[in-house]
Structures are given as structure tokens and as C-alpha cells.
Amino acid sequence: MTIREAEKSYFPVNTQQSFLDLVSSHISYHKDEDGEPNLVFLSILFGYLEHELTVCRLSTSDNSSEPENDATKISIDASKNSSLTSDEERANDTNFPTLELDIVEGLYEQFTLMIKSQIDKSLVELTTRSGYATKLLCKRVSDVIWNGLLPSYHKDKAHIQSLFSYLTGRQLDCFGLAFVVVAACQLLNYGDVHLVVSGDHAWAACGEDSKEMVEVTWHGRGSEDRRGYTIDQSVTDKSWMYHGGSAVKCDRWMELVAMLTSINPSISIHCDSEELLSIQYQLMRLLYSQGQLNNYPMALGLLCELSDSLQAKDLDMEDLHKKSLAVVQTLYDDLHVLPYCSKGHFCLRHQRYKEAIKYWAKAALVVSKYNYGKEDEEIYKEMIDIANDLIPQALKEDLSLCGDADCYRDILRFYDGICLWEEDSSTPVLHSWWARHFTFTIGRFQPSAKESIKITDSADLDTSISGEDGMSRRSSRGHGVSMSSHSASSASMSSPKSDLCSSADSTVSYSEPCSSKLSAKACSSDSENPNKLQLHSQKMKALKDMLISGKKINSQAVGLLLTAQSQVHFVKRRSNTGDYSMEYGNTFKRGRRSKDFES
């Protein structure tokens, strides 16, 4: 693949509209001709733009002796409407950077030469007889790119996810390395190598029908090398980082969507690039209209957030969230947590506090299907922010919720899911902060709301279902049932351990397929008696008498029970390529979200 002459004619690109025209032309041509976008060209192009609109502007702002000068001041307002008048567009275009063809073309040729000169496709171990890439080929491409990285740099740094950052600064983050490997394989005409993404990790799929999964990057703050390891059920089972085997397996157009979602418009901790936000939104809106986001829940959620922040009126945000949750439930076995969190945050921003708590409870029920490990730092931060900041904020904003039995039941479900997440995990989840905020949150509810809830024990129901189904479950979880993946677009691996459905108000719930008789009965039971609550975690069962009592909560007793480690077990996962259990952090860092919803 090369840069077409028609695309070269757009250079130099010096306005936002000309950049959008260039990318739109590229998408339209490749949609009609060869069916896939040129990932190498687009990664260089978007990385170039992001660098100019963020890194360069931050440097200009820092070096300016007159920060309030109109020529150098960066005016960012994410709440502005994305539609601009012609005068405003002209004003923005005067500050828009100029993207030169010789830079883009030179970097493209440099990367092409580097990959093709170091990868010999004729080697038997790299290509199968049918022409498919092997896992060794993916590892070899990863080696070539890995060896070009700086020996030491801050891997959490922003704006290092593109080929531009690799070729100009020799830096890539975790996602960037995986994406560049896939782009290089496209350059080598391996059509079977595709990107697989979860909420906090990325890897490659190769072989016939892209069934073989292989690590091509690291995961964590450092450069722990896990490249070349096979990803199979023993690795993905009960692991949130791999979405339990139901991660999003991309085609070429979804890889373009993944690249767009990785764009970071932040100039500093306090401001974003308005132009980059607008470009990101408009291109994702274009791909959404073509159906390229239909099987990508996280991209649908991001599109909704962009539409909300830019106050765009051309999309139905409720419909976007509905589609995101529907695809999670139908294609990914209801194993993605972040779409439920995103819906809850959306409801909070729009002062729908009761709905927000309901969706956070659903997110906790999904995360309870996994075992917690130290590599799950991102989702841990999400859950602790919800528990310690967002739920208290919602109760503070709407005092009527403190007398609402349904809201109280959802909060108990949320903590039940968190406790269940901890059970059988290799790392404890709950500590004194959790206990302190749990006691504070529960203590805000009126005695009438607490006493109206009837907590039932699931032991008898679990026993009867075990006899009917003949399914083995972990002794500490009465609801755990093996699930099977039926997603054509997710990784071809089995799904995590369980399915747990909760009752929901009909105005805010969607279809939630239950994979077991237990889940179906639990859902049916809650629907028949809305005041009945079934707890599944051992810790919450131990607290049930205090939870439905109108008396003051004993904070010391709650703290001792929640922080007890008796339910935590060390579980070793095995891989057919060897044990590589290490403590991984998170390369996709974000700040705490306590301030995100104050406005």
C-alpha cells in the first residue's frame, strides 16, 4: 500500500476542514476499492496532527512570556457547540498547524523500508503454507519495533500511541506497540493479523480465521516483556484484562476506530485541544454512520461522551448507550464493565442520580465475574471512584434517594458485586477506605428504606439448581456458572465464569439474557418481589442483619468484616508457554474522577 496521488494533492493541510476532507476521501476510496484503510499512513497522519495540536502548543504556552496574548493563548472550552460560524472557523484556521507532505511521506517510506528489510516472509516459520501469519511472525515484527524504542522512557506519557511518535521520538505506549505491529503486518500483506482490544490491553490475532492469539506488547508501568506468549483460555479465564476471552477482535475498519479512540486531545491536565476533539468526533461520527462502530461498545461510549461534551445535537445519546449495552449483552456475553460505568456517568452528568446508581450496580455485577489481580488497576480505580466519590455525590445531590428502597437495594448490589469480585482472587480488593465509605453511604439511608428490604439466602436455590443442571461451581460462589462465547467478532476463547442478573426498573433496563437457570430464577424472584434482595458474596451475607436494621451501623464491625481476608485465595494461572505471572500496572492512566461531575 502507498500514499495515493489524490491524497498527496491535499497537502499542505492547513485547515481543519482540509484535514477532514483528506481523511474522508481516504475512507471513501478504500471503502469502494480494496476494502481496508491504510493503517500506516493514517497512524502517521493522526500522530502528526495530535503532536502539533497538543505537544507543540503546550511547549509554546510554557515558553511564552505573555501567556494572555491572543496569538499564543490556547482557548479551550470542551462545552462549546461543535458547530462554528464562518468567522469562528476562520479564526481557528489561523491557529491550525500546517501538515507537510514531505514529513508524512518521508516517515511512511522510512517505516516501510525498516519493516520489509528486516522481515523475510519466505521463512517457513513465519508463514504457513496457506499464506497465514504465524505467532512467530507477530513476535518477529514486534521484536523489530521493540528494538527501535528508547531503552528507557516514561511509558505512561500521553501522545505516544502512534507511528509518528515511534518514528520521531522512538516511544510507544502499550496500545501503540500492538497497533504498530498490526499496521506492519498489513504492510507485509498479512490480511489475517488483526488487533484485539480489551478495556486496558491489546494483543494480536493471526492464523486461519484469526483464531490464534499472541502477546505483542507489555502491560504495566515498566517494560515487562510478555511478547510472544500464547493467549489461551488458561490465561483469559476470569481475567478482566482479557475480558474473559470476549474482547473485541477488530477488522481493518475497527482498527481504524481503535486508532481514533486512542487519540488523546489533552494539552495539559486542565485543557484539551478543541480542534482535535472536533476532528475526533466528526470522524467517529462518519464511521458510525457507516456501521463501523456497531460491534465496538467502548467506541460507542466514547462517541456519546464526545457528543455530550461538545453539545452536538445530531446524535441520540440515549440510543448510543442502548446500542453499546445491547452489543455487550449479545456479542460479548455481558462481560464488558466499562459500558455500564459510562452509562452511569452519563446519567450522573444529566442529574439522573437514581439511574446512575442502578447502572453502577450493574457494572459491579459484571466485574464480579472476574478474579481481581494487580494488573486490573484501571478497573479497580473505576470501581473505587464510584464507591468513594460518585455514589456519595449522587446521594448528596438528591436527598430524596436516602429514603428510596430501590436505590438502597442497588447500592447493596454494588457492594455485593465488589465483594464477590474479591472472592477467590489472588489480591484483596477491600481495605479501610472501602469500609469507611460503605459505612458512610449506608448510614445516610432512612430506617424505613432499610427495613423494607428483605434479604434472602441463596443457598437453597443454588442447591436445587446444581441438581438440575449438573454444573460444578466454586464453593464460595453460589451463582457461578460456566458460560460459552458466541461472538463472531470477539476473540475465539471461552468466556468467564458466571452470569448474574439483577432486577431493574423497566424504564432503564435492557434485555439481559441469563445463561443459567439460577440467574433466570434470581431475576424472576426479584421481579416478582421488588423488595426482595438476594446477596451472593460471603461478606455481604455476614452483614445482612445490620443492613436491614433501622439501628445505627456499627462501623467497627463493618470494617472488620469487609476487610477480612478469609475469602481471598491465591490462584495461579497457567500458560502453555510458561508462567509469566508478574505484577503489572496500567499504561492507560487517568486521574481520579471525583471532580469530573461537579459541574
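Please refer to the structure placed before this passage.
Just so you know, these numbers come straight off a predicted model, no measurement behind them.

## Examining the packing of helix α16 (residues 377-397) against helix α17 (residues 405-422)
Packing of α16 against α17 brings their axes to within 12 Å, and their N-to-C directions diverge by 160°. The angle between α16 and α17 places the two elements in the roughly antiparallel class. Crossing geometry of α16 relative to α17 is assigned as left-handed. Here α16 contributes Ile379, Tyr380, Met383, Ile386, Ala387, Ile391 and Leu395 to the contact with α17, which in turn contributes Cys407, Ile411, Phe414, Tyr415, Ile418 and Trp421. Its residues assigned to classes, the contact of α16 with α17 shows 13 nonpolar, no polar and no charged.

## Structural notes on the environment of methionine 259
Tracing the backbone shows methionine 259 in helix α10 (residues 252-261). For methionine 259, a relative accessible area of 6% translates into the label buried. In this structure the C-alpha to C-alpha distance between methionine 259 and serine 162, which are 97 residues apart in sequence, comes to 8.2 Å. Those residues in contact with methionine 259, other than ones at most four positions away along the chain, are Leu42, Ser43, Phe46, Phe175 and Phe179.

## Digging into α17
Between its terminal C-alpha atoms α17 stretches 26 Å, which fits the 26 Å expected from 18 residues at 1.5 Å a residue. α17 sits mainly inside the fold: 17 of its 18 residues count as buried. Measuring from the backbone nitrogen of aspartate 406 back to the side-chain oxygen at the start of α17 gives 2.8 Å, which picks out aspartate 404 as the cap. Looking at the residues trailing α17, positive phi occurs at aspartate 424, about 65°.

## Re the side chain of serine 342
Relative to the assigned elements, serine 342 resides in helix α14 (residues 338-349). Setting aside anything within four residues of it in sequence, one finds serine 342 in contact with Gly301, Glu305 and His321.

## Focus on unusual backbone geometry
Cis peptide bonds are those with omega within 30 degrees of zero, and the linkage from phenylalanine 11 to proline 12 qualifies with -5°. With respect to the element layout, proline 12 can be found in the loop between α1 (5-8) and α2 (16-32). One non-glycine residue, serine 210, lies in positive phi territory at about 50°. Positive phi, normally seen in glycine, also occurs at histidine 243, with a value near 50°. Along the polypeptide, histidine 243 turns up in the loop between α9 (233-236) and β4 (248-249).

## Considering the sheet that holds strand β2 (residues 202-206)
Pairing between the strands of a sheet comes from backbone hydrogen bonds, and it takes one of two forms, parallel or antiparallel. The 4 strands lie next to each other as β3-β2-β1-β4, forming an open sheet whose pairing is antiparallel. Whereas interior strands pair on both sides, the edge strands pair on one side only; in this sheet they are β3 (212-214) and β4. Bridge analysis of β2 against β3 gives 3 bridges, and the strand direction is antiparallel. Paired with alanine 205 across the bridge in β3 is methionine 213. Across the sheet, helix α6 (residues 135-147) touches β2 and β3, and the angle it forms with β3 is around 25°.

## Let's talk about the environment of methionine 114
The topology assignment puts methionine 114 in helix α5 (residues 101-118). Look past the residues within four positions of methionine 114 in its chain and what remains in contact with it is Val144 and Tyr166.

Definitions and cut-offs
All chains use their own residue numbering, which begins from 1 and follows the written sequence. Local features in this predicted model are restricted to residues whose pLDDT is 70 or higher, and side-chain atom pairs enter the listing and the counts only when it is 80 or higher, whereas totals over whole chains, interfaces and linings include all residues. Note that water and hydrogens are dropped before the side-chain values are worked out from all heavy atoms of the structure. Every axis corresponds to a line fitted to the C-alpha atoms, with the helix fit spanning only the stretch in contact, and the corresponding angles, defined between N-to-C directions, vary from 0 to 180 degrees. Numbered from the N terminus, helices here are DSSP runs of H or I no shorter than four residues, and strands are runs of E no shorter than two. Between 65 and 115 degrees an angle is taken as roughly perpendicular, under 35 as roughly parallel, over 145 as roughly antiparallel, and anywhere else as oblique. By definition, turning the near helix anticlockwise from the far helix through less than a right angle yields a left-handed crossing, and turning it clockwise yields a right-handed one. What makes two residues a contact is simply this: any of their non-hydrogen atoms within 4.5 Å. Under the scheme applied here, ten amino acids are nonpolar (Ala, Val, Leu, Ile, Met, Phe, Trp, Tyr, Cys and Pro), four are charged (Asp, Glu, Lys and Arg), and all others, including Gly, are polar. Each residue is assigned to one of three classes by its accessible area relative to the maximum for its type, calculated with a 1.4 Å probe on protein chains only: buried under 20%, partly exposed between the two thresholds, exposed over 50%. Residue count minus one, scaled by 1.5 Å, sets the expected span of a helix. The term polar contact refers here to a pair of N or O atoms within 3.5 Å; inside protein, the definition further demands a hydrogen-donor-capable atom paired with an acceptor-capable atom, and it admits residues adjacent in sequence only when both atoms are side-chain atoms. The rule for pairing is simple: two strands pair if DSSP sees at least two bridges between them.

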